[in-house]
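Okay, here's what each chain looks like letter by letter:
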Amino acid sequence: MGKQLKVSLIGNPNTGKTSLFNLLTGLNQQVGNYPGITVEKKEGTCRLPGGGKAHILDLPGTYSLNASSADEQLVVESLLRKEQPDFPDLAVVVADVENLKRNLILFTQIKDLKIPAILVINMADQMERRGISLDVELLEKKLNTRVVLMSARKKTGIDELKKQIEDYQQLPVSPCLSVSELDATYFERLQKAFPEEDLYRLWLCVSQDVALKKIDESLLKANEYSERNTPEIKRLQQKETIARYLYINRFLNNAYQVDRTKATDWRSVLDRILTHRIGGYAIFFLIMLLMFQAIYNWSSIPMDFIDQSFAHLSEWTNNHLPEGPFTSLLAEGILPGIGGVVIFVPQIAFLFLFISLLEESGYMSRIVFLMDRLMRRFGLSGKSVVPLISGTACAIPAVMATRNIENWKERMITILVTPFITCSARLPVYLIIIALVIPDQTFVGFNLQGLTLMGLYVLGFGMAVLSAFVLDKIIKNKAHTTFVVEMPAYKVPMAKNVLYTVLEKTKSFVLVAGKIILAISIVLWFLASNGYSDDFYQAEEIVRAQPENTMLSEQEMQTAVASYQLQHSYIGIIGHAIEPVIRPLGYDWKIGIALVTSFAAREVFVGTLATIYSVGSEEEETIKERMSSDVNIRTGKKLFDFPTGISLLLFYAFALQCMSTLAIVKKETNSWKWPFIQLVLMSGFAYLVALGAYQVLT
Amino acid sequence: MWSLQHILVYLAVAAAVAYLVKKYFLKPKSKKERTCGMDDCGCH
């Protein structure tokens, strides 16, 4: 058996590369990240007509081999470094029939690297409707390659492509252009400096905006060549692009013709409406509104079902397994831990279903175009809009949704500011504190409590945008990219692609973030269920002996014991230990414990206080009554008064009280540095604001 | 039964702590040759 043929799929963004990849590989594919960065790496196996197999690598979309971002750099390096395992035997360059001229720039660059290349012209089924006629024979002759017309949507041309892949050795590798013609003196000097190297490879190394490191040693020297990044290089790059366009124009004018009178083009009309400077925003707002209504409404039934199922399972475990700590761990730690992960699955699946539908239909590009101008003022990109809006449901899928943002700096800023957006986990915290400290009155016809809640949402969004603006000034970008957004044709989304996206994102959340959340739940349960003092181990005797507890019912006694134990558990000890730090904010040790436990997830705050306040139930009214009447021993005033309440609201609005968000940021950035910075900055800021609010209001 | 339950609890907690430590504090040793995009590649 010979070695497997290595095929790289290369192309501009939105040319249907991934659809083609799915068609070629079917279910024989793996999705991961390129090591060290979060650019998705998709690879799979394709069975060829002759019985052989080809390894298919779906490279990130790029407009040219002039890399200015990490993902484009990755494409360039994979084509330059012959020794590396991903270096292709064959490049399949996917082009969109509607933007053929621009797509051919990339194709001619690859041909000039002398890598065998096939040109696949996708969306060929649209040619008739667009009034496009194509002389394939002429194109093949002028480009000195094989051209395959296909439609990934209609699954046509795929067999022909597989046949061409199999016969790749017959493809000529002659280049399209000779770069030395751009400037004979310069290229002669360059070739002299590195006589062993191919001139175009050398030129690509020398002319990149980014430093290539993972390339052949000799090329590495070329990449560090003293003449890199000089104005002359930029001038030559421009000359090269012009020369390529001239070369392409020479034959494309004959080979590719568009007769607009034959086109039945509703796309232009739709584009005008969807990207209208006022109407466009209104339509987008309505679509988002519908999307989030649907996410909440559709998710509520499966979420309730999951919640109840895990509650029943916990109860069953408690009732049917032998009494003991492991049973408690299962019933109160592991099962709620797993439930806490699984409960988010419907929201995540629906969110990515909608995102995928928006992308597949072509509408996402219009949103990006529409929002880019607005967001760019704050250091964000148009593509930041979807993650920021997704953040109102949960920061975890929102951070995952930033994968669409190619620019490293914009993506990083979006990841860093998204947790400021009010997520659904903050809601129970807000609701209970607002109910405690904001009077249930109307203000100019509006409910004051409702206005406060809306104010917190606005505050979260405002803070996200403001911090993006600040981060934009601080973070240095290593790669400067110009914003280019493809306006692909509107399409009916392909069910297979949508399904792959939903499955892959959901699986990634459950398996990666889920494991972390589960592990933290176990540790938290252990810390809350164990202690070292007699107060912890003899809690029942101590509580029963207290005179004020003699009138309690058996159930009230059990919850009082649980509360006493919790106070003296490791978590309780931590709560008391941090009390001096949080006292200036108006909090006592009980709130301290809730702050610590709610680090696993913000909504745990309510559950923790419910236990501490010994109500034996998490009914909000009961907690409110107890919390409302609680007195701060130090001040003699109500613990949950207006200053403390506002301080807590502001703390939760700004603090990064979510371990799973940290975990997902770590996963998405492949570094502890960013989640650490995020934690320190957000929580530090939250502390200062909460401190200021409490001190001013008292 | 008590002692077995305790052992299981400690095993679960140890596994959870080990997982978190391994996940966040220990860098995995790469067996394969590192390609573009690794931490030291300078592209991010």
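Residues numbered from 1 in each chain as written. Chains lettered and ligands numbered in written order. Predicted model: local features only at pLDDT ≥ 70, side-chain atom pairs only at ≥ 80, totals over all residues. Heavy atoms only, no water.

**Brief notes about the confidence of the model for chain B**
Of all residues in chain B, 48% have pLDDT values of 70 or greater, and the mean over the chain is 64. Scored below 50 in pLDDT, residues 29-44 of chain B makes 38 contacts in the model with residues more than four places away or belonging to other chains. (pLDDT = per-residue confidence, 0-100. Contact = heavy atoms within 4.5 Å.)

**Some remarks on the pattern of salt bridges**
Residues and elements named next belong to chain A. Applying the stated rule across the entire model yields twelve salt bridges over all chains. The salt bridge partner of K114 is D198, with a shortest N-O separation of 2.6 Å. In this pair, K114 sits in the loop between α3 (100-112) and β6 (117-122) while D198 sits in the loop between α7 (184-193) and α8 (199-207), placing the two residues 84 residues apart along the sequence. Of the residues examined, D198 reaches a relative accessible area of 23% and is grouped as partly exposed. One salt bridge connects D271 with R366, and the closest N-O pair in it is separated by 2.6 Å. Here D271 is found in helix α11 (residues 267-274), whereas its partner R366 is found in helix α15 (residues 363-376), with 95 residues between them in sequence. We note that D271, like R366, is buried. (Salt bridge = Lys/Arg side-chain N within 4 Å of Asp/Glu carboxyl O. Helix = DSSP H or I, 4+ residues; strand = E, 2+ residues; numbered from the N terminus. Buried < 20%, exposed > 50% of the residue type's maximum accessible area, 1.4 Å probe, protein only.)

**Some thoughts on the environment of K234 of chain A**
With respect to the element layout, K234 of chain A can be found in helix α10 (residues 231-255). Between the alpha carbons of K234 of chain A and S207 of chain A there is a distance of 7.6 Å; along the sequence they are 27 residues apart.

**Considering the nonpolar core**
All names here are of chain A. Core analysis: the biggest nonpolar cluster contains 98 residues, and Y587, F605 and F651 have the highest contact counts within it. The element that contributes the greatest number of residues to this core is helix α29 (residues 642-654), accounting for eight residues. Counting the residues that make up this core, at least three belong to each of domain 2 (279-496) and domain 3 (518-697). For F651, the contacting residues outside a window of four places in its chain are L585, Y587, L595, Q657, S683, A686, Y687 and A690. Within the second largest apolar cluster, 58 residues are counted, among which are L79, M127, F251 and A255. (Core = buried A, V, L, I, M, F, W, Y, C linked by side-chain atoms within 4.5 Å. Domains from an automatic or database assignment.)

**Focus on the packing of α7 of chain A against α8 of chain A**
Residues and elements named next belong to chain A. Packing of α7 against α8 brings their axes to within 10 Å, and their N-to-C directions diverge by 95 degrees. Considering the angle they form, α7 stands roughly perpendicular to α8. Touching Y186, F187, L190 and Q191 of α7 are L199, L202, W203 and V206, all from α8. Classifying every residue of the contact of α7 with α8 gives seven nonpolar, one polar and no charged. (Axes fitted to C-alpha atoms, helices over the stretch in contact; angles between N-to-C directions. Parallel < 35°, antiparallel > 145°, perpendicular 65-115°, else oblique. Nonpolar A, V, L, I, M, F, W, Y, C, P; charged D, E, K, R; others polar.)

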